[in-house]
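Results of the structural survey
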Amino acid sequence: MRDQLALFGGNPEFSEKLFVGTPNVVSRERFFELAGEAFDRRWFSNFGPISERFSEKICQITGAKYCLLVCNATIGLELLFRGLDLEGEVILPSFTFVATAHSLRAVGLTPVFCDVNEGDHTLSPACVRSLITNKTAAILGVHLWGNLCAGSELEALASEKNIPLLLDSAHALGCRSVTNNLADFGLAQVLSFHATKFVNSFEGGAILTHSKDLYDRLRLMSNFGFAGYDDVRAWGTNAKMNEMSAAMGLASAEGIEYLIALNKRNYEDYRHHLAAVAGIRLLEVGVNGASTNYQYVVALVDEEVLGISRDQLMEVLWAENVIARRYFYPGCHR
C-alpha cells in the first residue's frame, strides 16, 4: 500500500502529510489556532462558538437546515431514537457496522435485519416492504461506502406505511444525489466524525434534520434536558461535542474538497493497478450519477477466478503488512 504524501494544493493552511490507512490531520496549525481560541475564552463545552461554527459548516456541506453536534455517532443514533419516542421494531440492513444495531438495542428497540442490494450494498426497498408489520416503528437505512441508499423509494415506502425513515450516514459526508443534498432524505440522519473518517473530530458525530421541532427537542435532550439554569424540562443525557473536538472537526471540514479529491485519486490508482488482476473487482461508488466521497476502496473477490479465497488473500496481505479488513465481519445478523 503506497503512502500518500501531499499538500493541500500548495495552501500553507493545509500542510500536513496524509497517509493511506491512518487518520487524516488536515492542518495542526489551524487546529491549534482554533483550540487557542477555546483556551482564551475558557469555554470548552456546552455549545461553544467553535461548535456552532462547525455545525454551520456541516449544514453548508450537507444542505441540512439544522445540525446538532454530538460526542459520537452511536450516542447520536440513540438520542435520535429516544427523541422520536420509538417503540417496537426497526428495519435495518444486516450489512452494516455493529453500532447501527447496538444503538437500537441500547434504547429497547428490536432490530429486524434486512438484505441489501448486490450492486451497491445498501438497503433493498423490496426486502424492507416484505418485513414491515404492525410492530415496525421505523426504517433505518445506511448509506454505505459513499453510496447513497435508495432514499426516494424508502421515503415513499415510509410515507405509505406512516413510519419515519431515518438514516445512518456515517459513510456519506460529502455525498449527494443528482437532484438532492445529503440531508434531504429522511426525517433525520446521523453522521460520524470518528478518527477513521476522512473528516474527523478525533471522536464525534452529528444529527442532521430539516425539522426545527426535532432539532430543538434533541438539543435539549443532549444537555441533560436543561432549558436554562435549574430548569430541567425533559429526559436528557450528556451527548454534547466538546470544543476541542469541534476545533479538529472544523479544521478538517475546511479541507473537505481536497480530501475528497485525494480519496478519488487513491480510488482511481487502485482501480488502475488492479484492473489486470483476474478475480478482483472494485465495488462501484457514485452510482446513478451521484456525487461520492470515495472514502472507501472495496475489493470484491471471485474465489474461483482468483484461485484463493478472500480470507486467504487477506492473510497474504497481512503478511506483507497491508492491513486489509473483511467488512463487515461477522454480519450484524450473526
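Residues numbered from 1 in each chain as written. Predicted model: local features only at pLDDT ≥ 70, side-chain atom pairs only at ≥ 80, totals over all residues. Heavy atoms only, no water.

Along the backbone of the protein there are 11 helices and 11 strands. Its C-alpha atoms give the protein a radius of gyration of 20 Å, within 12% of the compact-globule value 20 Å for 334 residues. Referenced to the eigenvectors of the C-alpha coordinate spread, the extents of the protein come out at roughly 65 × 55 × 35 Å. Looking at the protein residue by residue over its 334 residues, the buried ones come to 50%. (Helix = DSSP H or I, 4+ residues; strand = E, 2+ residues; numbered from the N terminus. Rg over C-alpha atoms; globule rule 2.2 N^0.38 Å. Buried < 20%, exposed > 50% of the residue type's maximum accessible area, 1.4 Å probe, protein only.)

With that out of the way, let us pick up the environment of serine 291. You can see serine 291 is positioned in the loop between strand 10 (280-282) and strand 11 (299-301). Along the primary structure serine 291 and valine 178 are separated by 113 residues, whereas in three dimensions their C-alpha atoms are 7.3 Å apart. Setting aside residues no more than four positions away along its own chain, serine 291 makes contact with Cys175 and Arg176. (Contact = heavy atoms within 4.5 Å.)

This part takes up the pairing of strand 6 (residues 188-192). Counting buried residues along strand 6, five of its five residues qualify, which places the element largely inside the surrounding structure. Taking every second residue as pointing to the same face, both faces of strand 6 are buried, with Ala188, Val190 and Ser192 on one and Gln189 and Leu191 on the other. Of the pairings in the sheet, the one linking strand 5 (residues 165-168) to strand 6 comprises three bridges and is parallel in character. Bridge pairing in strand 6 links aspartate 168 to valine 190. (Pairing = 2+ DSSP bridges.)

It is worth spelling out the sheet that holds strand 7 (residues 205-209) at this point. Spatial ordering of the open sheet is given by 1-7-6-5-4-2-3, a layout of seven strands whose pairing is mixed. Only two strands of the sheet have a single partner each, and these edge strands are strand 1 (66-70) and strand 3 (110-114). Averaged over all pairs of adjacent strands, the angle between their axes in this sheet comes to 25 degrees, without regard to strand direction. Taken together, the five bridges between strand 1 and strand 7 define a ladder with antiparallel strand orientation. Bridge assignment links leucine 68 to a residue of strand 7, and that residue is isoleucine 207. Each of strand 1, strand 4 (136-142), strand 5, strand 6 and strand 7 is contacted by helix 3 (residues 73-83), which is oriented at about 165 degrees to strand 6, the strand it contacts most. Strands strand 4 and strand 5 of the sheet are contacted by helix 6 (residues 151-161), whose axis makes an angle of about 145 degrees with strand 5. (Axes fitted to C-alpha atoms, helices over the stretch in contact; angles between N-to-C directions.)

Another aspect to go through is the packing of helix 2 (residues 49-62) against helix 8 (residues 243-253). Packing of helix 2 against helix 8 leaves a shortest axis separation of 8 Å and a crossing angle of 35 degrees. You can see that helix 2 and helix 8 cross each other, and the crossing is left-handed. Counting all contacts with helix 2, which are made through Pro49, Ile50, Ser51, Arg53, Phe54, Lys57 and Ile61, the residues of helix 8 involved are Glu243, Ala246, Ala247, Gly249, Leu250 and Ala253. The class makeup of the residues in the contact of helix 2 with helix 8 is eight nonpolar, two polar and three charged. (Left-handed = near helix turned anticlockwise from the far one by under 90°. Nonpolar A, V, L, I, M, F, W, Y, C, P; charged D, E, K, R; others polar.)

What follows deals with helix 4 (residues 98-106). Listing the buried residues of helix 4 in full gives Ala99, Thr100, Ala101, Ser103 and Leu104. Of the surrounding secondary structure, the elements contacted by the buried residues of helix 4 are helix 3, strand 2 (89-93), strand 3, strand 4 and strand 5. Where helix 4 ends, the next residue or the one after it, glycine 108, has phi of about 85 degrees, a positive value.

Counting 63 residues, the largest nonpolar core has Phe54, Val128, Ile139, Trp145 and Phe193 as the members making the most contacts within it. Among all residues touching valine 128, those that are not within four sequence positions of it are Ile91, Cys114, Leu123, Ile139, Leu154 and Leu157. In this structure, Leu79, Leu80, Leu92 and Ala188 belong to the second largest nonpolar core, which totals 28 residues. (Core = buried A, V, L, I, M, F, W, Y, C linked by side-chain atoms within 4.5 Å.)

Okay, the pattern of salt bridges next. Scanning all chains against the criterion turns up 14 salt bridges. Taking the shortest distance from any N to any O, the salt bridge between glutamate 33 and arginine 30 comes out at 3.2 Å. Of this pair, glutamate 33 and arginine 30 both sit in helix 1 (residues 28-41), three residues apart, which is roughly one turn of that helix. On the basis of relative accessible area, arginine 30 is assigned to the buried category, the value being 14%. Linked through salt bridges whose partners overlap, the residues forming this network are Arg30, Glu33 and Glu254. (Salt bridge = Lys/Arg side-chain N within 4 Å of Asp/Glu carboxyl O.)

Let's shift gears to empty space enclosed by the protein. A full pass over the atoms with the stated rule returns two cavities of 30 Å³ or more. The space that makes up the largest cavity amounts to roughly 90 Å³. Around the largest cavity sit Phe47, Ser51, Glu52, Ser55, Cys67, Leu68, Leu69, Tyr215, Arg219, Lys240 and Met241, which together line it. Split into classes, the residues belonging to the lining of the largest cavity amount to six nonpolar, two polar and three charged. Taken together, Val25, Val26, Ser27, Arg28, Phe31, Met248, Ala251 and Ser252 make up the lining of the second largest cavity. (1 Å grid on protein atoms, 1.4 Å probe; cavity = no way out; pocket = protein on both sides within 12 Å on 5 of 7 lines; lining within 4 Å. Points joined across faces, edges and corners; volume = space filled by probe spheres on them.)

With 19 residues, helix 9 (residues 256-274) extends 27 Å from end C-alpha to end C-alpha; this agrees with the ideal 27 Å at 1.5 Å per step. Those residues of helix 9 not exposed but buried are Ile256, Leu259, Ile260, Leu262, Asn263, Asn266 and Tyr267. Projected onto a plane normal to the axis of helix 9, the buried residues spread over an arc of 160 degrees and lie on a single side. The outward face of helix 9, more than 90 degrees from its buried face, is lined by the exposed residues Glu257, His272 and His273. (Expected span 1.5 Å × (residues − 1). Arc of directions from axis to C-beta.)

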